[in-house]
Amino acid sequence: MAENIVWHEHKITRAERAANKNQKPCLLWFTGLSGSGKSTIANALDVALHQRGYHTFLLDGDNVRHGLCKDLGFSDEDRVENIRRIGEVSKLFTDAGLIVLSAFISPFTSDRRMVRNLFPAGEFIEVFMDTPLETCEARDPKGLYEKARQGEIKHFTGIDSPYEAPEHPEVRLDTSSMTVDECVAALIAFMASRGLIAD
Ligand SMILES: Nc1ncnc2c1ncn2[C@@H]1O[C@H](COP(=O)(O)OS(=O)(=O)O)[C@@H](OP(=O)(O)O)[C@H]1O
Ligand SMILES: Nc1ncnc2c1ncn2[C@@H]1O[C@H](COP(=O)(O)OP(=O)(O)O)[C@@H](O)[C@H]1O
């Protein structure tokens, strides 16, 4: 498909764009079940980084599915395409020099690996929201587990569609035992330990 298309190098490099922002771009990839806290923690980290003066952007499942991915559903095939598009968009935003936070269920290991492989070593940070299904289901913030249990929603992750848990995430957070502030502190500490933000 891309055989007659030539890649154009930009005059301003990725490194120059980041240097103007005084920061190191990276992608924090939040993965986990619905209700595991991806959106809550990504938003809280976004606020914390923004307050420290960093230039960030947050990509979130529900919002992206209203626009860029509104043609996609929840079949395995559509989820693969969803993550492919979001990975590419995340890459573009980091090329622009931003710290990107992406929060999607992203249930398949191979798709998360594909996104990781778009990035130089150390710039992709997998954040596994390792909150037990029972906690997510008890929270049921959108009433979707209830509908899935009653068969009103098919292919719901964790119920009748698989979630392949990351084996070696950079960060693992369980929001059944950690507060929002503790999760944010753990992420800030991790980023500082990797030199992505100042101590
Ligand atoms: N069948 C099914 N399975 C899982 N989730 C469902 C489904 N139908 C709708 N929803 C809602 O869509 C949100 C997940 O979208 P994602 O783009 O993150 O999913 S995926 O990464 O492509 O698997 C998810 O949002 P979160 O609760 O924020 O995870 C749900 O609100
Ligand atoms: N420690 C915690 N961390 C994150 N969310 C929590 C925590 N305790 C309770 N919650 C609640 O759990 C729900 C998580 O939902 P959400 O962040 O939308 O998850 P996801 O984006 O993974 O679907 C929210 O209603 C949030 O207020």
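Residues numbered from 1 in each chain as written. Chains lettered and ligands numbered in written order. Predicted model: local features only at pLDDT ≥ 70, side-chain atom pairs only at ≥ 80, totals over all residues. Heavy atoms only, no water.

(A) Broad picture of the packing of aromatic side chains. Scanning the model with the defined rule gives six aromatic pairs in all. Seen from their ring centres, phenylalanine 128 and tyrosine 163 are 6.0 Å apart, and the 25 degrees between their planes marks the pair as stacked. Note that phenylalanine 128 is positioned in strand β4 (residues 124-129) and tyrosine 163 in the loop between α7 (144-149) and β5 (171-173), a separation of 35 residues in sequence. On the basis of relative accessible area, phenylalanine 128 is assigned to the buried category, the value being 5%. Consider the rings of tyrosine 145 and phenylalanine 156, whose centres lie 5.0 Å apart with planes at 80 degrees: the pair is edge-to-face. Here the residue tyrosine 145 occupies a position in helix α7, and phenylalanine 156 occupies one in the loop between α7 and β5, the gap between them amounting to 11 residues. Residue tyrosine 145 shares its accessibility class with phenylalanine 156, and that shared class is buried. An aromatic cluster is built from Trp29, Phe104, Phe119 and Phe124, whose rings are joined through pairwise contacts. A cation over an aromatic ring shows up here: arginine 65 above the ring of phenylalanine 74, its NZ or CZ 3.8 Å from the ring centre. (Phe/Tyr/Trp six-rings, centres within 6.5 Å; stacked < 30°, edge-to-face > 60°. Helix = DSSP H or I, 4+ residues; strand = E, 2+ residues; numbered from the N terminus. Buried < 20%, exposed > 50% of the residue type's maximum accessible area, 1.4 Å probe, protein only. Lys NZ or Arg CZ within 6 Å of the ring centre and 35° of its normal.)

(B) Highlighting the pattern of salt bridges. Tallied over the entire structure, the rule returns 11 salt bridges. Where arginine 116 meets glutamate 126, a salt bridge forms, and the shortest distance between an N and an O atom there is 3.5 Å. Placement of arginine 116 in helix α5 (residues 109-116) and of glutamate 126 in strand β4 is noted, with a sequence separation of 10 residues between them. Owing to a relative accessible area of 26%, arginine 116 belongs among the partly exposed residues under this scheme. (Salt bridge = Lys/Arg side-chain N within 4 Å of Asp/Glu carboxyl O.)

(C) Spotlight on the UniProt feature "binding site: ATP" (unreviewed entry) in the protein chain. The feature "binding site: ATP" (unreviewed entry), as annotated in UniProt, sits at Gly32, Leu33, Ser34, Gly35, Ser36, Gly37, Lys38 and Ser39 in this numbering. Note that serine 36 resides in the loop between β1 (26-32) and α2 (38-51). For serine 36, a relative accessible area of 0% translates into the label buried. Non-local contacts of serine 36, meaning those with residues more than four positions away in its chain, are made with Met129, Thr131, Cys136, Arg139 and Thr175. In contact with glycine 37, not counting residues within four places along its chain, are Ala42, Met129 and Arg139. (UniProt positions renumbered as here; feature names shortened; annotations may be inferred. Contact = heavy atoms within 4.5 Å.)

(D) Region of the structure containing the site of ligand 1. Ligand 1 sits among 20 residues. The nearest are Ser34, Arg65, Asn82, Ser106 and Lys142. Between ligand 1 and arginine 65 there is a distance of 2.8 Å, counted from an oxygen atom to a side-chain nitrogen or oxygen. Within the backbone of lysine 154, a nitrogen or oxygen atom sits 3.5 Å from a nitrogen atom of ligand 1. Protein chains shield 91% of the accessible area of ligand 1, which is 630 Å² for the free molecule. Of the residues forming the shell around ligand 1, the biggest block, three residues, is contributed by helix α4 (residues 76-95). When the residues that make up the shell around ligand 1 are grouped by side-chain class, the tally is eight nonpolar, six polar and six charged. (Near = heavy atom within 4 Å. Polar contact = N/O pair within 3.5 Å; in protein donor to acceptor, adjacent residues only side chain to side chain. Areas by Shrake-Rupley, 256 points an atom, 1.4 Å probe, with all protein chains shown as cover. Nonpolar A, V, L, I, M, F, W, Y, C, P; charged D, E, K, R; others polar.)

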